[in-house]
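Notes for the structure review
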Protein chains: 2
Amino acid sequence: MAVTIYDVAKQAGVGVGTVSRVLNGNPNVRPETRQRVLAVIEELNYHPSPIARRLSLRKTLTIGVIAPFFTRPSIVERLRGIEALVAESDYDLVVYNVETPERRDACFRSVVAGHRVDGLIVIHLAPTDDDVRRWAQAQTPVILVDTRHPALHRVVIDDVAGGHLATRHLIELGHRRIGYISDWLDEPFHFTSSRDRLLGYQRALAEAGLPFRPEYHRQGDHGREQARQMAHDLLRLAPRPTAIFAHSDTQALGVMQAAADLGLRVPEDLSVVGFDDIEMAEYAGLTTVRQPLAETGRKGIELLLRLMDDPSLPTACVELPIELVVRRTTAPPPNP
Amino acid sequence: MAVTIYDVAKQAGVGVGTVSRVLNGNPNVRPETRQRVLAVIEELNYHPSPIARRLSLRKTLTIGVIAPFFTRPSIVERLRGIEALVAESDYDLVVYNVETPERRDACFRSVVAGHRVDGLIVIHLAPTDDDVRRWAQAQTPVILVDTRHPALHRVVIDDVAGGHLATRHLIELGHRRIGYISDWLDEPFHFTSSRDRLLGYQRALAEAGLPFRPEYHRQGDHGREQARQMAHDLLRLAPRPTAIFAHSDTQALGVMQAAADLGLRVPEDLSVVGFDDIEMAEYAGLTTVRQPLAETGRKGIELLLRLMDDPSLPTACVELPIELVVRRTTAPPPNP
DNA sequence: GGTTATACTGGAACCGCTTCCAAACGCAGC
DNA sequence: GCTGCGTTTGGAAGCGGTTCCAGTATAACC
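This part takes up the overall build of chain A. Helix and strand counts for chain A come out as 13 helices and 12 strands. Relative to the compact-globule value of 20 Å for 336 residues, chain A shows a C-alpha radius of gyration of 26 Å, a clear excess of over 25%. Projected onto its principal axes, the C-alpha coordinates of chain A cover approximately 90 × 40 × 30 Å. Taking all 336 residues of chain A together, the buried fraction comes to 49%. A separation threshold of at least 6 residues defines the contact pool for chain A, and within that pool the share at least 24 residues apart is 70%.

What follows concerns the packing of helix H2 (residues 16-23) of chain B against helix H3 (residues 31-44) of chain B. All names here are of chain B. Close contact between H2 and H3 brings their axes to 10 Å; oriented N to C, the two are set at 90°. Accordingly, the angle class assigned to the pair H2 and H3 is roughly perpendicular. Residue-level inspection shows Thr18, Val19 and Val22 of H2 in contact with H3, the latter providing Thr33, Arg34, Val37 and Leu38. Tallied by class, residues from the contact of H2 with H3 come to 4 nonpolar, 2 polar and 1 charged.

This part is about the pairing of strand S9 (residues 271-276) of chain B. Note on strand geometry: in a regular strand, side chains alternate between the two faces of the sheet. All names here are of chain B. Counting buried residues in S9 gives 6 out of 6 residues, a clear majority hidden from the surface. Traced from strand S8 (residues 243-246) through helix H11 (residues 249-261) to S9, the parallel crossover comes out right-handed. For S9 and strand S10 (residues 287-290), the ladder comprises 4 bridges, and the chain directions are parallel. Along S10, the bridge assignment pairs Gly274 with Thr288. Once the chain exits S9 it traverses helix H12 (residues 279-284) before rejoining the sheet at S10, and the crossover so formed is right-handed.

What follows deals with the sheet that holds S9 of chain B. Residue and element names in this part refer to chain B. The strand order across the open sheet formed by 6 strands is S7-S6-S8-S9-S10-S12, and the pairing between neighbours is mixed. The open sheet has two edge strands, strand S7 (217-220) and strand S12 (323-325), and neither has a second partner. Across the sheet, the axes of successive neighbouring strands diverge by a mean angle of 20°, strand direction being ignored. Against the sheet, helix H10 (residues 224-235) contacts strand S6 (178-183), S7 and S8, and its axis sits at roughly 150° relative to S7.

With that settled, consider the protein's contact with DNA strand C. Lining the immediate environment of DNA strand C, one finds 27 residues, of which Val14, Gly15 and Gly17 of chain A together with Ile5 and Ser20 of chain B sit closest. Going through the elements one at a time, helix H2 (16-23) and helix H4 (50-57) of chain A together with H2 and helix H4 (50-57) of chain B are the ones with two or more residues in the surface near DNA strand C. A total of 5 residues in the surface near DNA strand C trace back to one element, the largest contributor, which is H4 of chain B. Of the residues in the surface near DNA strand C, the class split is 12 nonpolar, 12 polar and 3 charged.

A few words now on the interface of chain B and chain A. Many descriptions give the size of an interface as the accessible area lost when the pieces come together. Tallying the contact residues gives 30 residues for chain B and 30 residues for chain A. Of all elements in the fold, only H4, helix H5 (73-88), strand S2 (92-98), H11 and H12 of chain B reach the threshold of two or more residues within the side of chain B that touches chain A. When the residues that make up the side of chain B that touches chain A are grouped by side-chain class, the tally is 15 nonpolar, 8 polar and 7 charged.

In terms of domain boundaries, chain A breaks down into domain 1 (5-48), domain 2 (58-157 + 293-321) and domain 3 (159-291). Each of domain 1 of chain A and domain 3 of chain A was reduced to a C-alpha centroid, and the two centroids are 63 Å apart.

Attention now goes to the protein's contact with DNA strand D. Close to DNA strand D lie 27 residues; Ile5 and Ser20 of chain A together with Gly15, Gly17 and Thr33 of chain B are nearest. Listing elements by their share of the surface near DNA strand D, those giving two or more residues are H2 and H4 of chain A together with H2 and H4 of chain B. It is H4 of chain A that provides the largest number of residues to the surface near DNA strand D, a total of 5 residues. The class makeup of the residues in the surface near DNA strand D is 12 nonpolar, 12 polar and 3 charged.

Residue and element names in this part refer to chain A. Strand order in the open sheet made by the 6 strands is S7-S6-S8-S9-S10-S12, with mixed pairing throughout. With partners counted over all chains shown, the strands left at the sheet margins are strand S7 (217-220) and strand S12 (323-325), one partner each. Strand-to-strand twist of the sheet, defined as the mean angle between neighbouring strand axes without regard to direction, takes the value 20°. In the packing of helix H9 (residues 193-207) onto the sheet, contacts are made with strand S6 (178-183), S7 and strand S8 (243-246), and the angle to S6 comes to roughly 165°. Against the sheet, helix H10 (residues 224-235) makes contact with S6, S7 and S8, and its axis sits at roughly 150° relative to S7, the strand it touches most.

On to the relation of the copies chain B and chain A, then. Between chain B and chain A, the superposition needs a rotation of 180° and an axial shift of 0.0 Å, giving an RMSD of 0.1 Å. Seen this way, the second copy is the image of the first under a two-fold rotation axis. Relative to the rotation axis, the closest C-alpha in chain B is found at Val94 of chain B, a distance of 2.1 Å. Looking at chain B, 100% of its interface residues are interface residues in chain A too, so the copies touch through the same face.

On to the packing of helix H6 (residues 101-113) of chain A against helix H7 (residues 129-138) of chain A, then. All names here are of chain A. Two numbers describe how H6 lies on H7: the axes approach to 10 Å, and their chain directions differ by 10°. As judged from the angle between their axes, H6 and H7 are roughly parallel. Contacts between H6 and H7 involve Phe108, Val112 and Ala113 from the first element and Asp131, Arg134, Trp135 and Ala138 from the second.

Residues and elements named next belong to chain A. Every second residue of strand S4 (residues 142-145) is oriented toward a common face, with Val142 and Leu144 on one face and Ile143 and Val145 on the other, all of them buried. Note that strand S3 (residues 119-123) and S4 share 4 bridges and pair parallel. Bridging from a neighbouring strand, Val122 pairs with Leu144 of S4. Of the strand pairs in this sheet, S4 and strand S5 (residues 153-156) are connected by 3 bridges, and their pairing is parallel. Looking at the pairing, Leu144 lines up with Arg154 of S5.

Rules and cut-offs
Residues numbered from 1 in each chain as written. Chains lettered and ligands numbered in written order. Predicted model: local features only at pLDDT ≥ 70, side-chain atom pairs only at ≥ 80, totals over all residues. Helix = DSSP H or I, 4+ residues; strand = E, 2+ residues; numbered from the N terminus. Rg over C-alpha atoms; globule rule 2.2 N^0.38 Å. Buried ≥ 20, exposed ≤ 12 C-beta atoms within 10 Å, placed from the backbone. Contact = placed C-beta atoms within 7 Å. Axes fitted to C-alpha atoms, helices over the stretch in contact; angles between N-to-C directions. Parallel < 35°, antiparallel > 145°, perpendicular 65-115°, else oblique. Nonpolar A, V, L, I, M, F, W, Y, C, P; charged D, E, K, R; others polar. Right-handed = clockwise from strand over helix to strand, strands pointing away. Pairing = 2+ DSSP bridges. Near = placed C-beta within 6 Å. Domains from an automatic or database assignment. Least-squares fit on C-alpha atoms with pLDDT ≥ 70 in both.

Here it is in C-alpha cells:
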C-alpha cells in the first residue's frame, strides 16, 4: 500500500541503509547518491513511517501532558506555552485532560507504565510518592508545572508570597476585614495552591497585627458560580469584609458578580483581588497577582527536553516571578 | 530492558501467539492457560508496547486535531468535547495548534501524508481542494468542525441564520442603525463564518427594508482589543449605530469596553449582541447567539470514529442548532 | 606498484507486537 | 480403536524503520 523505504531503495538502486542515511542526514553519503535518493523520494512521494521509526529507535517521540480541567484559562495558557515549543521539536504532543480523581490515577498509572511517552508534563496535579516511584522505575522524565514533589523537577511560583502580596496590598490600602475565597483545601486532587496562598494571607494579616478570622475564609469547588455563592455568604456577615482576595481571577469575577447582586460597588464598597492575570482580568479591570502562565509551560518543556537528553540532571526547581497588577477593583475601604 | 511479550511467553511456558491472544481477548484460549498468562503478566508487570502494536496493526491509534488559536474560548470548548470522547476510546489525541498560515499548511500536509494519525479533525480552518485531494489519496478520514468543504464530512452551524437571528432581534427591538464587527473577510486563513454572518445580517436588514451601509461593517483581526478599536470607529460615526452585532463574544466584550470608554451605557445607549455563548458571556450579561461548542467536538469525534470503521460512509453534514440568548445588553434604541 | 586508511555502501538483524498456518489435542460417534 | 471435527497452541513471517558490520571503491602515501 504505502511506499516504504524498500521501495525507495530499489527504485534508486541503493540499499535501505543508504536511504535511511540520507533521511537522517548522515554525512557519509556521496552527494550524487544523496541526490538520486532524494529524487526518488520526491518521485514516489515517500514519507517514512513514524511508527516504524519509533519502534526501531525505541522512543515514542511523544510528549504527554496531563492537566486538570483544561478549559480553565490558566491551564489553557500553560498548554499554549507547551504546545508552541513542542511544535518546534520532533515530538508529538498528546494531551490528557483529567476531571476526576479516577481519571487522574488512570493517567498517572498507564501513561508512563504503558510506555506511551518519552517525557511527561504534569500540570497542577500532585503525584503521590507511589506515582513518583513508578515513574522513576520506568525511567520516564517527568516535569511538574504548578505543583510539586521533592523528588521531581518542577516549575512553580511562590504561592505563599502571592497570597502575601495580595493581602498586603489590601492592608496597605487600609483594609482590616479581608476575606479569602479558595478552592477546597482538602479535595481529592490535593492541589496545594489554595493552602499556600492561605498561608501568605495569614502571614500578611499577622504582620499587620490583624487577627485571622476563620469565618472570613471560604472554600468550595472551583468556578465562578461557586465563588459567587461563597462571596454572598461572606458579604452577609456582620461586620462584612471590605475586601476579598480570591484564589483565582475566575473566582474573583464571581465575587464581583456577588457584589453587583448585593448592590455593592467595586471598589468603593468592596475591593477585590484575583490571581493569575488571565485575559478577562484586564477586561474586568481586576487587580490581581500575575503569574507568567504561558512561560511556565515553556520553561517546563525546556526542562523536559533537556532532561530527556540527559536524565542525570540534578533535580531542578525553577521558580518564576509573580507581580501585583493594580487595576480598578481595589481602593481604600469605605468609611465605617 | 523492558519486559516483552517473549518474556511473558517464556515465563508462562506458552507461545507468544497465546499471550497475544489473551491480551486481545481472543476467546480461543483455555481458561487455565489464560489464568497462567495473566498471572505472569501481573508478576512481571508487563505492559505491551503500544508502538510495536501499532506497527503490527498498521494503525497509529492516534487521532489528530488541527485547530487555530486554541486559547480562544470557543476553540477550547470544542477541544474539550473532543478530548472527552477520545479519552473513552483506544485512541491518543494529539493536538496541533496553528497560529500562522504557514503552520496550517505544514500541518495540513505533513500530518496526514506522514501517516501520523488514523483520523483527523480540523476545526475552523478551511482546507483547499488540494488538501482534500491529498487526504483522500492517503485514505485518511477527516472531519471538519465549524468549517466546510463539499467533499468532506462536517459538523457546522448555520452562520447565515445566526447572523440573521442576531440582526433580526435588534431590528425587532426597534434598531435601525446596526453595526457589524467581524474578522477580516479576506484573511489568509479563509475563515468563512464572518462572511456568512454578514450575509445573514444583510438579509435581515433587507427584509426589514433597511439599507446595508458598508461603513457600518468593520473588519479586523480577531480579538477583544481590535474589536474595541473597531467599535470606537463605529461609534464616532454620525449618525452612530444604536446597536452592534459582533462576530464573537470576545469581540462583543471589546465593543462593551469601547462603549464604556465613550461613556455610552449598554443597553440604554447601545445594544450589543455577540456570538458563541462562551462562559464570559453569561458573566457579562451578554445577549448572544449560542452555538453548542462542546457538542460540535463530540459530534465530530463520533462521526470520525464511525468513519474510521467504515470509510465508505456517505459524506455527512451535521448541522447543529443555534439559539438566541437574550440577556442584558440589548434593549430598544434610545429616543433620537 | 603495493599498502593502508578512508569514504561509501549493501544488507542482515533487530525493535515488539499480530496473525496466519499447521500441528496437536480432545472428544463424540461409530 | 479409529475417524473426523472443533478447539487450542506454537512459532514463523511480517509491519517499516535503524544500525552495525563487513565489504568495496577510492585516495593517499611510501
